[in-house]
Amino acid sequence: MASAGVEIRPADDSDRRAIATLLAAVAEERDGIATEPPVDVDAMTVKWRLDGTIVAVAAGAVVGQVHVEASRFGFGELGMMVADGWRGRGVGTALVAAAIDWARERGLHKVTLGVFPHNDAAIALYRKFGFVEEGRLTNHIRRASGELWDVIEMGLLL
Ligand SMILES: CC(C)(COP(=O)(O)OP(=O)(O)OC[C@H]1O[C@@H](n2cnc3c(N)ncnc32)[C@H](O)[C@@H]1OP(=O)(O)O)[C@@H](O)C(=O)NCCC(=O)NCCS
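Because the structure is a prediction, the values reported are computed rather than measured. (Residues numbered from 1 in each chain as written. Predicted model: local features only at pLDDT ≥ 70, side-chain atom pairs only at ≥ 80, totals over all residues. Heavy atoms only, no water.)

For the rest of this paragraph, the subject is the overall build of the protein. Across its full length, the protein holds four helices and seven strands. Written out in order from the N terminus, the α and β elements of the protein read β-α-α-β-β-β-α-β-α-β-β. In terms of overall dimensions, the protein is globule-like: its C-alpha atoms have a radius of gyration of 15 Å, near the 15 Å expected for 158 residues. When the backbone C-alpha atoms are referred to their principal axes, the protein occupies close to 40 × 35 × 30 Å. In the protein, buried positions account for 47% of the 158 residues. (Helix = DSSP H or I, 4+ residues; strand = E, 2+ residues; numbered from the N terminus. Rg over C-alpha atoms; globule rule 2.2 N^0.38 Å. Buried < 20%, exposed > 50% of the residue type's maximum accessible area, 1.4 Å probe, protein only.)

Moving on: the pattern of salt bridges. When the charged atoms of two side chains lie near each other, side chains of opposite charge can form a pair. In this structure the tally under the stated criterion is twelve salt bridges. The partner of Arg143 in a salt bridge is Glu36, with the nearest N and O atoms 3.5 Å apart. Of the two residues, Arg143 is situated in the loop between strand 6 (132-142) and strand 7 (148-157) and Glu36 in the loop between helix 1 (16-29) and helix 2 (41-47); the sequence distance between them amounts to 107 residues. Note on Glu36: relative accessible area 16%, which makes it buried. The salt bridge partner of Asp51 is Arg106, with a shortest N-O separation of 2.8 Å. A residue pair is termed long-range when its members are at least 10 positions apart, and Asp51 in the loop between helix 2 and strand 2 (53-58) and Arg106 in the loop between helix 3 (91-105) and strand 5 (110-115) qualify at 55 residues. With a relative accessible area of 36%, Asp51 lands in the partly exposed category. The class of Arg106 is partly exposed, set by a relative accessible area of 41%. Among the charged side chains, a network of salt bridges with common partners joins Glu7, Arg9 and Asp15. (Salt bridge = Lys/Arg side-chain N within 4 Å of Asp/Glu carboxyl O.)

Near the ligand, the surroundings consist of 23 residues, among which Val82, Gly88, Gly92, Thr93 and Asn119 are the closest. When the ligand is considered free in solution it has 940 Å² of accessible area, and contact with the protein chains removes 70% of it. When each cavity is represented as a set of grid points, the ligand is found to reside in the largest pocket. For the shell around the ligand, the element with the highest residue contribution is helix 4 (residues 120-128), accounting for seven residues. Here the residues of the shell around the ligand are counted per class, giving twelve nonpolar, seven polar and four charged. (Near = heavy atom within 4 Å. Areas by Shrake-Rupley, 256 points an atom, 1.4 Å probe, with all protein chains shown as cover. 1 Å grid on protein atoms, 1.4 Å probe; cavity = no way out; pocket = protein on both sides within 12 Å on 5 of 7 lines; lining within 4 Å. Sits in = over half its atoms within 2 Å of the grid points. Nonpolar A, V, L, I, M, F, W, Y, C, P; charged D, E, K, R; others polar.)

Of note, the bond from Pro37 into Pro38 is cis; its omega dihedral lies within 30 degrees of zero at 0°. With respect to the helices and strands, the residue Pro38 is situated in the loop between helix 1 and helix 2. Positive phi is not limited to glycine here, since Arg30 has a value of about 50°. Mapped onto the secondary structure, Arg30 falls in the loop between helix 1 and helix 2. Positioned with a positive phi, Asn139 is a non-glycine residue whose angle comes to about 50°. Mapped onto the fold, Asn139 is located in strand 6.

Quick look at the structure:
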């Protein structure tokens, strides 16, 4: 369960800027997600897809989000982040549980995701829900530094 006082709910229009701002902050870490700075927060505020997005809200602030991008082929691709300072308190767990519920309700048969091999917290989180490793894309993501990072593909049949 998420920490007391954290609400998990579908995102709405009023969350757009907060989600984009969270993305920009996590991108600055240059660690867990593929997106790196600079993030155009104004553009991301406009183009963020709310369908399939669930937010974690504490004291009126968005402290985490998960998005499942439903494909035409029955699977959905999950991406997520929790604000630094809110991690390790069950917010990610609550978001993944809600995302799986959303995917089931949407009639998807599978949730997939890509995760960097060094992202121990994320991999532990996904395994906890039964996601299994299905493959590894080698030298897949080119970072701003020029490094090429592998991606582990994980999947959960619903
Ligand atoms: C990955 C992330 C979403 C996890 O969110 P979180 O709110 O910290 O997750 P939780 O507190 O629910 O912890 C989930 C599980 O992760 C594991 N975990 C948490 N922190 C960990 C760490 N530092 N190392 C190893 N495992 C860890 C635990 O198994 C925990 O489950 P448990 O408490 O039942 O034992 C969060 O760290 C994050 O946003 N990171 C930056 C962005 C990112 O990497 N996104 C995912 C891209 S694939």
